[in-house]
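Summary of the model geometry
Next come the chains, spelled out residue by residue.
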Amino acid sequence: MQVVHAPSSPHLSIQSSKATQLRRWGLLPPVSVKTSPLFAIHFSLQSQVDHSSLWTPHKRAILSSCAARAASVEVGNSSVSTGTAEDDVLKALSQIIDPDFGTDIVTCGFVKDLQIDKAQGEVSFRLELTTPACPIKDMFEQKANEVVAMLPWVKNVKVTMSAQPARPIFAEQLPAGLQTISNIVAVSSCKGGVGKSTVAVNLAYTLADMGARVGIFDADVYGPSLPTMVSPENRLLEMNAEKRTIIPTEYMGVKLVSFGFAGQGRAIMRGPMVSGVINQLLTTTEWGGLDYLVIDMPPGTGDIQLTLCQIVPLTAAVIVTTPQKLSFIDVAKGVRMFSKLKVPCVAVVENMCHFDADGKRYYPFGRGSGPQAWITSLIVVQQFGIPHLFDLPIRAALSASGDSGMPEVVADPQGEVSKIFQNLGVCVVQQCAKIRQQGILLLLDNI
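Reading the values: the criteria
Residues numbered from 1 in each chain as written. Predicted model: local features only at pLDDT ≥ 70, side-chain atom pairs only at ≥ 80, totals over all residues. Heavy atoms only, no water. Helix = DSSP H or I, 4+ residues; strand = E, 2+ residues; numbered from the N terminus. Buried < 20%, exposed > 50% of the residue type's maximum accessible area, 1.4 Å probe, protein only. Contact = heavy atoms within 4.5 Å. Areas by Shrake-Rupley, 256 points an atom, 1.4 Å probe, with all protein chains shown as cover. Pairing = 2+ DSSP bridges. Axes fitted to C-alpha atoms, helices over the stretch in contact; angles between N-to-C directions. Salt bridge = Lys/Arg side-chain N within 4 Å of Asp/Glu carboxyl O. pLDDT = per-residue confidence, 0-100. Core = buried A, V, L, I, M, F, W, Y, C linked by side-chain atoms within 4.5 Å.

With that out of the way, let us pick up the overall build of the chain. From N to C terminus, the chain includes 13 helices and 19 strands. The buried share among the 447 residues of the chain stands at 53%. Within the chain, contacts between residues separated by at least 24 positions form 78% of all contacts whose residues are at least 6 apart in sequence. With an accessible surface of roughly 19,500 Å², the chain has 51% of that area assigned to carbon and sulfur atoms.

Here's what the structure looks like:
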């Protein structure tokens, strides 16, 4: 099978000296052009962590994994003996720019299995995106069909959409149960009672609705919320006695693990024991291939939270709060904790910020930037540079859905609340992809 390498943009290329060094180590194959296309975007900024942790990836393992994931344009059997037809198709596809990365899809390595029969005017290829939850995958498919069909000799175009296999960059360094999870997203508040579990569950089911494979880990052993918020048919975790692993329960396609499903209810135990329980539940579960694992973090910034951050390489965090000074004080502690652990906070969700009545909108906790108004999300964004804000209203249906066992985004997928979570889901998908991209480029700069 012939391999055609697409041209790379300058800011995404590996400089020749670095490429030579990687090849000397046996981490990149020889190529006849300056660079290979952009590495598949599977990286976490957690690699920057310089504090003591339970997982310590080595540079060689990182580089080897990056090289293994280097994206290329794979060309299948073709009746064309020259590269002219392939060049025409790749040039046409290079007009399509990924808005998140600012780079064309050929350079990003999305084009796979390119097959051309110029005599018959037939072209087929596969677009392998970084995640099945890509919010613009339909646009990619439509544009790819259009630009290739415009070539004068093309009569028929077949585009197949796919996504990269779920696998973190540090797979070899992680416990077996976490080796097939691409992104791990923490939903945290550091303050109880602000709706963190509601956000975590609805975010997970939003990502699942976008096409991703998703799991939820309820890390609150003292007061697990997941058994109340979802209604799986099997409400007890099962054990694989031979492998000594945990089989998660499942509800509407999302895998679920909670201490509440262990048949123990709520725990009464000391901190070190809780950390051990969380470690066992998280790392010995047979999660299978997941694009996103959403962790519903317990409130606070103590041993349990630090244990979670050290066990797994968190891709990103979403902060949940309410528009009150009291809530902001604790949220700020949580943001600082993630900052020290090199975990990017990608969004703030301000819950219970307003309600509508008598044709008017009321803000019970204040709004705006006036001297007496405490809008916590604005303060968090300005002080810590978190890029995205999402406001959730006070809705009786949202509260009722949490008690009924069916998430609001499932019960009313076209409602106002669901649209907010759809926007949040798109944000999480895009930011996780960017974080991996930035991590790879940072690694290459430091070689």
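Once you've had a look at it, read on.
Next up on the list: the sheet that holds strand β9 (residues 214-218). Pairing is mixed in the open sheet, where 8 strands are placed in the order β12-β13-β9-β14-β8-β15-β16-β19. The open sheet has two free edges, formed respectively by β12 (249-251) and β19 (389-391), since each of these has just one partner strand. Ignoring which end each strand starts from, the neighbouring axes of this sheet average 25° apart. Bridge analysis of strand β8 (residues 181-188) against strand β14 (residues 290-296) gives 6 bridges, and the strand direction is parallel. Bridge assignment links A186 to a residue of β14, and that residue is I295. Docked against the sheet, helix α5 (residues 196-209) engages β8, β9, β12, β13 (254-258), β14, β15 (316-321) and β16 (345-350), running at close to 170° with respect to β14. Each of β8, β15 and β16 is contacted by helix α9 (residues 325-340), which is oriented at about 175° to β15, the strand it contacts most.

A few words now on the pattern of salt bridges. Tallying each qualifying case throughout the model produces 8 salt bridges. The closest approach of N and O atoms between R213 and D291, which form a salt bridge, is 3.2 Å. With R213 in the loop between α5 and β9 and D291 in strand β14, the pair connects residues that are 78 residues apart, well separated along the chain. In this structure, R361 engages D356 in a salt bridge whose closest nitrogen and oxygen atoms are separated by 2.8 Å. Here R361 falls in the partly exposed class, since its relative accessible area comes to 40%. Members of the salt-bridge network, linked through shared partners, are D356, R361, R395 and E416.

The next thing to look at is the confidence of the model for the chain. Of the residues in the chain, 72% have a pLDDT of 70 or more, and the chain-wide mean is 75. Scored below 50 in pLDDT, residues 1-82 shows 198 contacts in the model against residues more than four places distant or in partner chains. A low-confidence stretch, residues 368-374 stays under pLDDT 50, and its non-local contacts, those more than four residues away or across chains, total 9 contacts.

Quick look at the nonpolar core now. Grouped together as the largest cluster of nonpolar side chains are 82 residues, with contacts concentrated most on F217, I295 and F338. At 9 residues, helix α13 (residues 416-445) tops the list of elements feeding residues into this core. Those residues within four positions of F217 in sequence are excluded, and the remaining contacts are V257, I278, L281, L282, W287, L293, V294, I295, D296 and L308. Counting residues in hydrophobic clusters, the runner-up holds 29 residues, among them C108, V123, L151 and V157.

Attention shifts here to the environment of F110. As for its placement among the helices and strands, F110 is situated in the loop between β4 (103-104) and β5 (111-117). By relative accessible area, which is 2% here, F110 ends up buried. Sequence spacing of F110 and M161 is 51 residues, and the spatial spacing of their C-alpha atoms is 9.7 Å. Beyond its immediate stretch of four places on either side in the chain, F110 contacts D98, F101, I105, R126, L127, E128, L129 and T130.

Glancing now at unusual backbone geometry. One non-glycine residue, D113, lies in the positive phi region at around 50°. Counting through the fold element by element, D113 comes out in strand β5. Judged by relative accessible area, which is 31%, D113 ranks as partly exposed.

Before going further, it helps to spend a moment on the pairing of strand β6 (residues 122-129). Here β6 lies mainly inside the structure; 7 of its 8 residues are buried. When β5 meets β6, the two strands line up antiparallel, connected through 5 bridges. Bridge pairing in β6 places K112 opposite R126. A loop of 4 residues connects β5 with β6, the two strands running antiparallel in sequence, and G121 in this loop sits at a positive phi of about 70°. Here 8 bridges tie β6 to strand β7 (residues 156-163), and the two strands are oriented parallel to one another. Note that in β7 the partner of R126 across the bridge is T160.

Burial analysis of β13 places 4 of its 5 residues in the buried class, the great majority of the element. Connecting the antiparallel pair β12 and β13 is a turn made up of 2 residues, with M252 showing a positive phi of about 55°.

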